[in-house]
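Spelled out, the chains give:
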Amino acid sequence: MALKYHEDLRSKVKMRLQQDARADSIHKCAVQQATNSFRIEQMLSEESASRVVPLEESQFLVPGLHFKSLLDLERFQAEQFCREYQACLMQVLSGKLSYLEILTASYLYELHRSCFEQVFVWAGVVRTRPPGFVGIAPEQIRIAVPELMDTLAY
């Protein structure tokens, strides 16, 4: 009985150490993301501040939403993303969500929706039109996303 108790305890400690390591990794990733966002804003700020939101993008904005410049749109998107990213991070760190739960296609689509629903009408919906500069063909998304999430979970 004592041996079983010690094995269970050892298993719980090991699992907690793994969770702490994952939490530390997530935190480092968040710091890196914030640093990258700052660098990107520095690069884009001059150019984006003088450009208006392209018509092709503005037609997909949530009705009633207007931005003076492309930079204003980018900042608004970044604020929404950071808010949702922090909420996700807190859920993982508090144990309400496991890292395996967030590494699913369905969670990614939900995260996408919650990040962009204040900005774009297409938030959380799988793209049906070809990508602009970066991305994959729409018909490949429903295959590639679950594969990517499975690979990350592995």
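Residues numbered from 1 in each chain as written. Predicted model: local features only at pLDDT ≥ 70, side-chain atom pairs only at ≥ 80, totals over all residues. Heavy atoms only, no water.

**Examining the packing of helix α5 (residues 105–116) against helix α6 (residues 138–153)**
Rules: In this analysis, axes come from line fits to C-alpha atoms, helices being fitted only over the stretch in contact, and the angle between any two N-to-C directions falls in the range 0 to 180 degrees. Helix and strand definitions here come from DSSP, where helices need a minimum of 4 consecutive H or I residues and strands a minimum of 2 consecutive E residues; each element is numbered from the N-terminal end. Note on angle classes: values under 35 degrees are labelled roughly parallel, values over 145 roughly antiparallel, values of 65 to 115 roughly perpendicular, and the remainder oblique. We call two residues contacting when some pair of their heavy atoms lies within 4.5 Å. Residues are sorted three ways: Asp, Glu, Lys and Arg are charged, Ala, Val, Leu, Ile, Met, Phe, Trp, Tyr, Cys and Pro are nonpolar, and all the rest, Gly among them, are polar.
It is at 9 Å that the axes of α5 and α6 come closest, and there the two elements cross at 110°. Taken as axis vectors, α5 and α6 run roughly perpendicular relative to one another. Seen from α5, the contacting residues are A105, L108 and Y109; seen from α6, they are I141, R142, V145, P146 and M149. Among the residues making up the contact of α5 with α6, the classes are represented as 7 nonpolar, no polar and 1 charged.

**Let's talk about the side chain of S114**
For clarity, the cut-off: Pairs of N or O atoms within 3.5 Å make up the polar contacts considered here, provided that, within protein, one atom can donate a hydrogen while the other can accept it, and that residues adjacent in sequence are counted only when both atoms are side-chain atoms.
Structurally, the position occupied by S114 is in helix α5. A polar atom in the side chain of S114 sits 3.1 Å from the backbone oxygen of L111. Discounting chain neighbours no more than four positions away, the residues touching S114 are R83 and E84.

**Details of the environment of M149**
Our working definition: Each residue gets one of three labels from its accessible area relative to the maximum for its type: buried under 20%, exposed over 50%, partly exposed in between, using a 1.4 Å probe on protein chains only.
Relative to the helices and strands, M149 resides in helix α6. According to the relative accessible area criterion, M149 is buried, its value standing at 5%.

**Some details on the pattern of salt bridges**
Which entries qualify depends on this criterion: Take a side-chain nitrogen of Lys or Arg and a carboxyl oxygen of Asp or Glu: if they are within 4 Å of each other, that pair is a salt bridge.
A full pass over the atoms with the stated rule returns 3 salt bridges. A salt bridge links E117 to R113; the nearest nitrogen and oxygen atoms lie 2.3 Å apart. Connected via shared salt-bridge partners are E110, R113 and E117.

**Some points on the confidence of the model for the protein chain**
What counts, and what does not: What pLDDT conveys is the predictor's confidence in a given residue, as a value from 0 to 100.
Per-residue pLDDT for the protein chain averages 75, and the proportion of residues at 70 or more is 64%. Put simply, helix α1 (residues 2–50) is where the protein chain has its lowest mean pLDDT, 59, and α5 is where it has its highest, 89.

**Notes on the packing of aromatic side chains**
For clarity, the cut-off: Paired rings are identified among Phe, Tyr and Trp, the last through its six-membered ring, by centres lying within 6.5 Å, and are further divided according to the angle between planes into stacked (under 30 degrees), edge-to-face (over 60) and tilted (the rest).
As enumerated under the stated definition, the model contains 4 aromatic pairs in all. Ring centres 6.2 Å apart and planes at 40° place the aromatic pair F116 and W122 in the tilted group. Looking at F116, the relative accessible area reads 18%, which means it is buried. Residue classification places W122 among the partly exposed residues on the basis of a relative accessible area of 29%.

**Observations regarding the nonpolar core**
Applicable threshold: In this description, a nonpolar core means a group of buried Ala, Val, Leu, Ile, Met, Phe, Trp, Tyr and Cys residues linked to one another through side-chain atoms lying within 4.5 Å.
The biggest cluster of nonpolar side chains holds 22 residues, and the ones touching the most others in it are L61, L73, I102, Y107 and F120. When residues of this core are traced back to their parent elements, those giving at least two are α3 (70–94), α5 and α6. Broken down by element, the residue count for this core peaks at 5 residues, all from α5. Beyond its immediate stretch of four places on either side in the chain, Y107 contacts C88, Q91, L97, E101 and I102.

**A look at α3**
Formally: The span one expects for a helix is its residue count, reduced by one, times 1.5 Å.
For α3, built from 25 residues, the straight-helix expectation of 36 Å at 1.5 Å per residue is met to within 8% by its first-to-last C-alpha distance of 36 Å. Inspection of α3 places L70, L71, L73, Q77, Q80, E84, C88, L89 and V92 among the buried residues, and these make up the whole buried set. Positive backbone phi, approximately 90°, marks G95, located one or two places after α3.

**Quick notes on the environment of W122**
The topology assignment puts W122 in the loop between α5 and α6. When the C-alpha atoms of W122 and V62 are compared, they prove to be 8.9 Å apart, with 60 residues separating the residues in sequence. Excluding anything up to four places from it in sequence, W122 contacts F60 and H112.

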